[in-house]
Amino acid sequence: MPQLKSEGFVLKSVNWKENSRVLTFFTDNAGRQTVIDRGGRSLKSHRGRLLNFARLDITYFKSEKTGTAYVSEAEALEIFGFEKEGTLGRLTFASAAVELLYDLLPEDEPMSDLYYLTIGFFRLTDNIPKGGLYPLFIAYFMRLLSQLGYRPNFAGCVSCGQEPRPESGYYFFIPEKGGLVCSSCQTMGEYYIRLQSERLEQIYRLQTSSLTEASSARLKLKEAEEVLELLVNFLRFQTDKGELKSLKFLEKLKKTNY
């Protein structure tokens, strides 16, 4: 079996057999990879402390016949501790990003841009003032969707392409079609989410700014929840995932001042 090397981080670890486990990595050069760590749970294993939020140097072998991969070495290159003020919020947002990646990433498809975007997101989540966590995560969420082919359209009507105009101060977003819809194209019985003009401007700024720029923006809790609810509904309509486990972090945030 040929030896392969990647940089990556753990998306999920599942115990397997007596002392082994199955690890799912997101790597810089091979995308999502599922690798068996034989004996990895043994006290003697030097890979026993594979941290969830760490950039790792990974060496593994992959069978050309079966495609089964086995990890041989893993060394931490960078660890994200999320120890500054608001640790729970930092961990919650980072966990949400990892869970979304686990749910949505295809196997064996290199996505280096998304990989390095996520590393940048971890670094900012580890260091910025906690007030910037909401807009940072929303900006990352929208970029993740875009890079996976699910970019929501906030620039024009998804039916006719014309620039929608607000009705009594509101725009209308249709999750099923993935964007705004003008009054002429609205249909009775379809599900729409109302967006205040101010909220649409906030979303568009976050969608078009860098992660660093987004982390300097400010959103109130209620504003952030409205935006996240819209993105969550959009994702449910655009994928076959149903109730994504990654979205449970919303309830956690409501119960804490993070």
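Structure's up top.
Residues numbered from 1 in each chain as written. Predicted model: local features only at pLDDT ≥ 70, side-chain atom pairs only at ≥ 80, totals over all residues. Heavy atoms only, no water.

K.L.:
I keep staring at the pattern of salt bridges and nothing clicks. Help me out?
P.N.:
Side chains bearing opposite charge may pair, as long as their charged atoms lie close to each other. Taken as a whole and assessed by the stated rule, the structure comprises eleven salt bridges. For the salt bridge of R55 with E7, the shortest nitrogen-to-oxygen distance reads 3.0 Å. With R55 in strand β4 (residues 54–62) and E7 in strand β1 (residues 3–16), the pair connects residues that are 48 residues apart, well separated along the chain. Across the pair, exposure class does not vary: R55 and E7 are buried alike. (Salt bridge = Lys/Arg side-chain N within 4 Å of Asp/Glu carboxyl O. Helix = DSSP H or I, 4+ residues; strand = E, 2+ residues; numbered from the N terminus. Buried < 20%, exposed > 50% of the residue type's maximum accessible area, 1.4 Å probe, protein only.)

K.L.:
Would you mind showing me how to read the sheet that holds strand β8 (residues 193–196) here?
P.N.:
Two pairing modes exist for strands in a sheet, parallel and antiparallel, and in both the strands are linked by backbone hydrogen bonds. As summarised here, the arrangement of the three strands in space is β7-β6-β8, forming an open sheet in which the pairing is antiparallel. Each end of this open sheet is capped by a strand with a single partner; those strands are β7 (179–180) and β8. Where helix α4 (residues 197–208) meets the sheet, it contacts β6 (170–174), β7 and β8, and its direction lies at approximately 85° from that of β8. (Pairing = 2+ DSSP bridges. Contact = heavy atoms within 4.5 Å. Axes fitted to C-alpha atoms, helices over the stretch in contact; angles between N-to-C directions.)

K.L.:
How do you make sense of the layout of surface pockets when you look at a structure like this?
P.N.:
Space left empty within the atom packing is revealed by a probe, the size of a water molecule, rolled over the atoms. Size it by volume and the largest pocket reaches roughly 320 Å³. Those elements that place two or more of their residues in the lining of the largest pocket are β1 and α1 (87–104). Ranked by residue count, the leading element in the lining of the largest pocket is α1, at five residues. Split by residue class, the lining of the largest pocket holds five nonpolar, three polar and four charged. (1 Å grid on protein atoms, 1.4 Å probe; cavity = no way out; pocket = protein on both sides within 12 Å on 5 of 7 lines; lining within 4 Å. Points joined across faces, edges and corners; volume = space filled by probe spheres on them. Nonpolar A, V, L, I, M, F, W, Y, C, P; charged D, E, K, R; others polar.)

K.L.:
What am I meant to see in the packing of aromatic side chains here?
P.N.:
Centre-to-centre distance and the angle between the planes together describe a pair of aromatic rings. For the structure shown, the criterion picks out 18 aromatic pairs. Arranged with centres 5.2 Å apart and planes meeting at 35°, the rings of F93 and F137 form a pair that is tilted. A residue pair is termed long-range when its members are at least 10 positions apart, and F93 in helix α1 and F137 in helix α3 (residues 133–147) qualify at 44 residues. With respect to burial, F93 and F137 carry one shared label: buried. When the centroid spacing of 4.5 Å and the interplanar angle of 20° are considered together, the rings of F121 and Y140 count as stacked. Of the two residues, F121 is situated in helix α2 (residues 112–127) and Y140 in helix α3; the sequence distance between them amounts to 19 residues. For the pair formed by F121 and Y140, the shared burial category is buried. One Lys or Arg, R32, reaches over the ring of Y102 and ends 4.4 Å from the middle of that ring. The ring centre of Y170 lies 4.0 Å from the NZ or CZ of R194, which sits over that ring. (Phe/Tyr/Trp six-rings, centres within 6.5 Å; stacked < 30°, edge-to-face > 60°. Lys NZ or Arg CZ within 6 Å of the ring centre and 35° of its normal.)

K.L.:
What is the right way to look at the packing of α3 against helix α6 (residues 221–238) in this model?
P.N.:
The description of two helices packed together rests on the angle between their axes and the distance between the axes. The N-to-C vectors of α3 and α6 enclose an angle of 15°; their axes lie 10 Å apart at closest approach. It follows from the interaxial angle that α3 and α6 lie roughly parallel. When you trace α3 past α6, the crossing you get is left-handed. The segment α3 lies against α6, with Y134, F137, I138, F141, M142 and L145 engaging L221, A224, V227, L228, L231, F234 and L235. Class assignment of the residues belonging to the contact of α3 with α6 gives a composition of 13 nonpolar, no polar and no charged. (Parallel < 35°, antiparallel > 145°, perpendicular 65-115°, else oblique. Left-handed = near helix turned anticlockwise from the far one by under 90°.)

K.L.:
Help me out: how do you make sense of the packing of α1 against α2 in this one?
P.N.:
Close contact between α1 and α2 brings their axes to 9 Å; oriented N to C, the two are set at 165°. Taken together, the axes of α1 and α2 lie roughly antiparallel to each other. As α1 packs across α2, the resulting crossing turns out to be left-handed. Two secondary-structure elements touch here, α1 through R90, F93, A94, A97, V98 and L101 and α2 through L114, T118, F121, F122, T125, D126 and N127. Considered class by class, the residues forming the contact of α1 with α2 number eight nonpolar, three polar and two charged.

K.L.:
Teacher, can you tell me more about unusual backbone geometry here?
P.N.:
Only a minority of non-glycine residues have a phi that is not negative, and only a minority of peptide bonds are not trans. Phi angles above zero are rare outside glycine, and D108 is one such case at about 60°. Tracing the sequence through the fold places D108 in the loop between α1 and α2. With a phi close to 55°, S168 is a non-glycine residue in the positive phi region. Positionally, S168 belongs in the loop between α3 and β6.

K.L.:
Hey, could you run me through the side chain of T59 in this one?
P.N.:
One can find T59 in strand β4. The exposure class of T59 is buried, given its relative accessible area of 8%. Of the polar contacts made by the side chain of T59, one reaches the side chain of K5; its length is 3.0 Å. In this structure T59 touches Q3, L4, K5, V71, S72 and E73, once residues within four positions along its chain are discounted. (Polar contact = N/O pair within 3.5 Å; in protein donor to acceptor, adjacent residues only side chain to side chain.)

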